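If you want the building blocks of each chain, they are given just below.
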Amino acid sequence: SDDLKPRTKRIISLALIWIWANIHTGTVPLGIMLFCAHTWFANDLAGPARIKERLLWVACGSLVWLLTPIGPNIFEVIGKNVLEYDYEFTRNPDLQPFRLHLLRYNHGGYAISFWFFHTLFIGFAGWFFWRRQELLPPQYRNKGFVVLVGAALIYLCVNKIRGIHYSMVFFLPITAAYLAHYLKKDEEWFFRLGIGLLVASAFMYGSAIPDVVRKISRPLGAGVYDKELPVHAARFIREQKPAGKLHNTPAFGGYLINEIPDYPVSIDSRDFPFIPFLKEQSYAMQAGPLYQEFLTKYGINLVMEYLPASSYDQKRGAFVDPHEGFYPLNIWAPVFFDNAAVVYLRRIPENRAIIDRFE
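As the structure is a computational prediction, the values presented were derived from the model and not from experiment.

Visitor: Tell me about the pairing of strand β6 (residues 341-346), residues and numbers included.
Guide: Along any regular strand, the residues point their side chains to alternate faces of the sheet. Across the six residues that make up β6, a large majority, six, are buried. Going residue by residue along β6, you find A341, V343 and L345 tucked away on one face and V342, Y344 and R346 tucked away on the opposite face as well. With five bridges joining them, strand β2 (residues 302-306) and β6 adopt antiparallel strand pairing. Residue M304 lies in a different strand from β6, and its bridge partner there is V343. Bridge count for strand β5 (residues 332-337) against β6 is five bridges, and the pairing is antiparallel. Note that in β6 the partner of P334 across the bridge is Y344.

Visitor: Break down the pairing of β2 for me, citing the residues and quoting the values.
Guide: Among the five residues of β2, four are classified as buried, and the element is accordingly described as predominantly covered. In the sheet, strand β1 (residues 246-248) pairs with β2 via three bridges, with the strands oriented parallel. Residue pairing for β2: L246 is matched across the bridge by L302.

Visitor: Explain the packing of aromatic side chains residue by residue, including any values.
Guide: Counting across every chain of the model gives 19 aromatic pairs. Taking the centre distance of 4.7 Å and the plane angle of 20° together, the rings of F236 and F336 count as stacked. With F236 in helix α10 (residues 231-240) and F336 in strand β5, this residue pair connects regions lying 100 residues apart in the sequence. For the ring pair Y291 and Y327, a centre distance of 5.7 Å and an interplane angle of 80° mean the geometry is edge-to-face. Of the two residues, Y291 is situated in helix α13 (residues 288-297) and Y327 in the loop between β4 (318-320) and β5; the sequence distance between them amounts to 36 residues. An identical accessibility class is assigned to Y291 and Y327; each is buried. One aromatic cluster is present, formed by F277, Y291, F294, Y298, F326, Y327, W332 and Y344 through successive ring pairs. When the ring centre of W57 is taken as reference, the NZ or CZ atom of R10 above it lies at 5.3 Å.

Visitor: Go over the state of the cysteines with me, naming the residues and quoting the values.
Guide: Taken as a whole and judged by the stated rule, the model has zero disulfides. C60 provides the cysteine sulfur closest to C36, a residue in no disulfide bond, and the two sulfurs are 9.7 Å apart. Take C36: its relative accessible area is 13%, and that puts it in the buried class. Since its relative accessible area comes to 31%, C60 is described here as partly exposed.

Visitor: I'd like a rundown of the sheet that holds β5, residues and numbers included.
Guide: Read across the sheet, four strands follow the order β1-β2-β6-β5 without closing on themselves; strand pairing throughout is mixed. Of all the strands in the sheet, just β1 and β5 have a single pairing partner and so form its edges. Each strand of the sheet is rotated relative to its neighbour by a mean of 20°, with strand direction disregarded. Strand contacts of α13: β1, β2, β5 and β6, with the helix running at about 130° to β1, the strand carrying the most contacts.

Visitor: Can you break down the side chain of Q281 residue by residue, with the values?
Guide: Note that Q281 resides in helix α12 (residues 275-284). Residue Q281 is classed as buried on the basis of its relative accessible area of 14%. Ignoring anything within four residues of it in the chain, the contact list for Q281 reads H247, Y291 and F294.

Visitor: If you had to explain the packing of helix α1 (residues 6-23) against helix α2 (residues 28-40) to someone new, which residues and values would you point to?
Guide: Two measures define how a pair of helices packs: the angle their axes make with one another and the distance between the axes. At their nearest, the axes of α1 and α2 sit 9 Å apart, and the two run at 165° to each other. As judged from the angle between their axes, α1 and α2 are roughly antiparallel. Handedness of the α1/α2 crossing: left-handed. Between α1 and α2, the contacting residues are R10, S13, L14, I17, W20 and A21 on the first element and V28, L30, G31, I32, F35 and T39 on the second.

Cut-offs used in this document
- Sequence order as written defines the numbering, with residues in each chain counted from 1.
- Where totals are concerned, whole chains, interfaces and linings use all residues; where local detail is concerned, this predicted model gives features only for residues with pLDDT of at least 70, and gives and counts side-chain atom pairs only at 80 or more.
- Side-chain numbers here rest on the full set of heavy atoms in the structure, without hydrogens or water.
- Only protein chains enter the calculation, and the probe is 1.4 Å; a residue is then buried if its accessible area is under 20% of its type maximum, exposed if over 50%, and partly exposed in between.
- A helix here means a DSSP run of H or I that spans at least four residues, while a strand means a run of E at least two residues long, and both kinds are numbered starting from the N terminus.
- Here, strands pair whenever DSSP counts at least two bridges between them.
- Ring pairs are drawn from Phe, Tyr and Trp, using the six-membered ring of Trp, whenever the two centres fall within 6.5 Å, and their geometry is named by plane angle: stacked under 30 degrees, edge-to-face over 60, tilted for the rest.
- Should the NZ of a Lys or the CZ of an Arg lie within 6 Å of a ring centre and within 35 degrees of the ring normal, that charge is described as sitting over the ring.
- Any pair of cysteine sulfurs within 2.5 Å is marked as a disulfide.
- Axis geometry follows a simple rule: fit a line to the C-alpha atoms, using only the stretch in contact for helices, then measure angles between N-to-C directions, giving values from 0 to 180 degrees.
- Any pair of residues with heavy atoms lying within 4.5 Å of one another is described as a contacting pair.
- Angular relationships are summarised with four words: roughly parallel below 35 degrees, roughly antiparallel beyond 145, roughly perpendicular across 65 to 115, and oblique for the angles in between.
- Here a crossing is taken to be left-handed if its near helix is turned anticlockwise relative to the far helix by less than a right angle, and right-handed if that turn runs clockwise.

Just geometry here; none of it tells us what the structure is for.
Shown next, in the form of structure tokens:
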């Protein structure tokens, strides 16, 4: 609101950054960057005499990042895992750099949005910014602020396509001013342009969405989809209480954290904190004995994996279970499976009763 003083707005902004840091501390640097740039170029803090005050606000914006349970450890997480992110290893699709091959529909909607909507959005915003700055909100009339933050966010989009959301949110006030201006003028060409964009959008998404839904998104509806999540396997563990520790496939981690809290997950799909563990597992999976050493090292007695797909062994001339090399039956007992997962228990005395009943 324009009724609030700039100092009050900055205090509110710091509170929002603190909340953001406690919700998703890995992305809050984007909010801090926006806050610091906005503060540095603020009209009420302009001039050499106010530089100390600007530096103080920037310092406050940066330090708020540390007011979370992670504290200073966040620097290690960001430094080792985000800045040195190994996309080729983790294959997290929305953290990959933008490449032309991503324009193929089966890579999902991110690339389409980047190529079409983001480019169009930034183009309109940039054109209007240079032509009609007097119609923009006060802070967006400052070229230094818009160019600095806008360039940083566009660069982020190219390196990590997840950044598209932040870039578009930043440019939204400029685009909103553009729309408001031409809607008031009621120019016919503007409405023709809008209709053209709607038709182009419908064509692009109409062509892409069926493929995306079938191969990637697979929307789950309002409930928990037990063909993709281990609903029944989690219930089995909750009821039978086998001896842990648990090792699980990454995609199940977020669900299992809630469903079986007595069994801390070994990993989940938020892979940043687990990259060293993932690399160690990847190396161990080169050979069965190495993998057994890996599981023993971490004291793992309970495993929840994807259902194994059948694999044809040319030497045997038969279909085999691809899991048998990693979970040999003399060490591990398969005791349960549902639509999504299979549960293995290590053959130890603590698990004997469950194995005798369910193997």
